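Residue-level listing of the chains:
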Amino acid sequence: MKLYGYIALVFLLVVVFLPGGTAEASGDLQTLLDERTAVLWIDGEVLGDLVIGARAQAALIYVDGKLSEATWGDQMAPDWLKTQTGYYGSRETRKKKLFIIRLKTINNFTLDHSMIRIGSHVLTPADVLTNKHYVPVGDLPAGLTADFAVVIPNSAVKGKSVSFSVGEYSTELEYPKR
């Protein structure tokens, strides 16, 4: 009978403490993600909290050890983030920086690798780590959300920030403080 009491106590402790720990870990992950993300609206005009006339939104996410560890340590992390941060520390990322590009189309949009520039580097198909079948290129339909991991040579993304552009639209991503 004592065994059932101990099992019930352990179960109660897990139920009470697990949700709070998960929510806290998710909050930490979201903070890390926010610090490492720059958002770019293509063909859009920003008016306060509204964006008018945008064809697409592109986000550049810098992946470092902290973000990768937090992602894999958080049970509630989205699958797309786990998949793309899984490349961190791989052979392909040596002497390179890992980024995730997350694209959301609002209207029909045409995308080519050569339209994307990160730092001084123009993206090529060889820079893409994600399976080529999942990388959005060509004529894209409205309502598409896709993400893919890319590596950029360290020499092209030096400094405290990195520029990110798609076509004629650009923004800056400040690296997080260490």
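Residues numbered from 1 in each chain as written. Predicted model: local features only at pLDDT ≥ 70, side-chain atom pairs only at ≥ 80, totals over all residues. Heavy atoms only, no water.

## Observations regarding the environment of Ala 126
Condition: The helix and strand labels rest on DSSP assignments: H or I over at least four residues marks a helix, E over at least two residues marks a strand, and numbering proceeds from the N terminus. Burial status follows relative accessibility: with a 1.4 Å probe on protein chains alone, a residue under 20% of its type maximum counts as buried, one over 50% as exposed, and anything between as partly exposed.
The residue Ala 126 is located in the loop between strand S8 (121-122) and strand S9 (138-140) in this model. Overall, the relative accessible area of 69% leaves Ala 126 in the exposed class. On a C-alpha basis, the gap between Ala 126 and Val 150 in space is 8.8 Å, while along the polypeptide they are 24 residues apart.

## Thoughts on the sheet that holds strand S12 (residues 169-174)
Filter applied, for reference: Strand pairing follows a simple DSSP-based rule, namely that at least 2 bridges must link the two strands.
As summarised here, the arrangement of the 4 strands in space is S8-S7-S11-S12, forming an open sheet in which the pairing is antiparallel. The two strands at the open ends of the sheet, each matched to only one other strand, are S8 and S12.

## Focus: the pairing of strand S4 (residues 56-63)
In terms of residue burial, S4 counts as a mostly covered element, since 8 of its 8 residues are buried. Note that S4 and strand S5 (residues 96-105) share 8 bridges and pair antiparallel. Paired with Ala 56 across the strands is Thr 105, a residue of S5.

## A short note on the side chain of Arg 102
Test applied: Counting of polar contacts relies on pairs of N or O atoms within 3.5 Å, with two restrictions inside protein: one atom must be capable of donating a hydrogen and the other of accepting it, and residues adjacent in sequence are counted only when both atoms are side-chain atoms. In this description, contact between two residues means that some pair of their heavy atoms is separated by no more than 4.5 Å.
In this fold, Arg 102 is placed in strand S5. When its relative accessible area of 17% is taken as the criterion, Arg 102 is described as buried. Within the local environment of Arg 102, its side chain forms a polar contact with the side chain of Asp 147, the two groups lying 2.7 Å apart. Apart from the residues lying within four places of it in its own chain, the contact partners of Arg 102 are Gln 57, Ala 58, Ala 59, Trp 80, Thr 145, Ala 146 and Asp 147.

## Focus on helix H2 (residues 65-73)
Think of an α-helix as turning once every 3.6 residues; residues three or four places apart then point the same way. Stated formally: What the arc covers is the set of directions going from the helix axis to the C-beta atoms.
Those residues of H2 that sit buried are Gly 65, Leu 67, Ser 68 and Thr 71. Buried residues in H2, looked at end-on, bunch into an arc of 165 degrees, giving them a common side. Opposite the buried face of H2, by more than 90 degrees, sit the exposed residues Lys 66, Glu 69 and Gly 73.

## Description of the side chain of Thr 130
Among the structural elements, Thr 130 can be located in the loop between S8 and S9. Note on Thr 130: relative accessible area 6%, which makes it buried. Only 2.8 Å separates the side chain of Thr 130 from the side chain of Gln 84, close enough to count as a polar contact. Among the polar contacts listed, one links the side chain of Thr 130 to the backbone nitrogen of Ala 149, at a separation of 2.7 Å.

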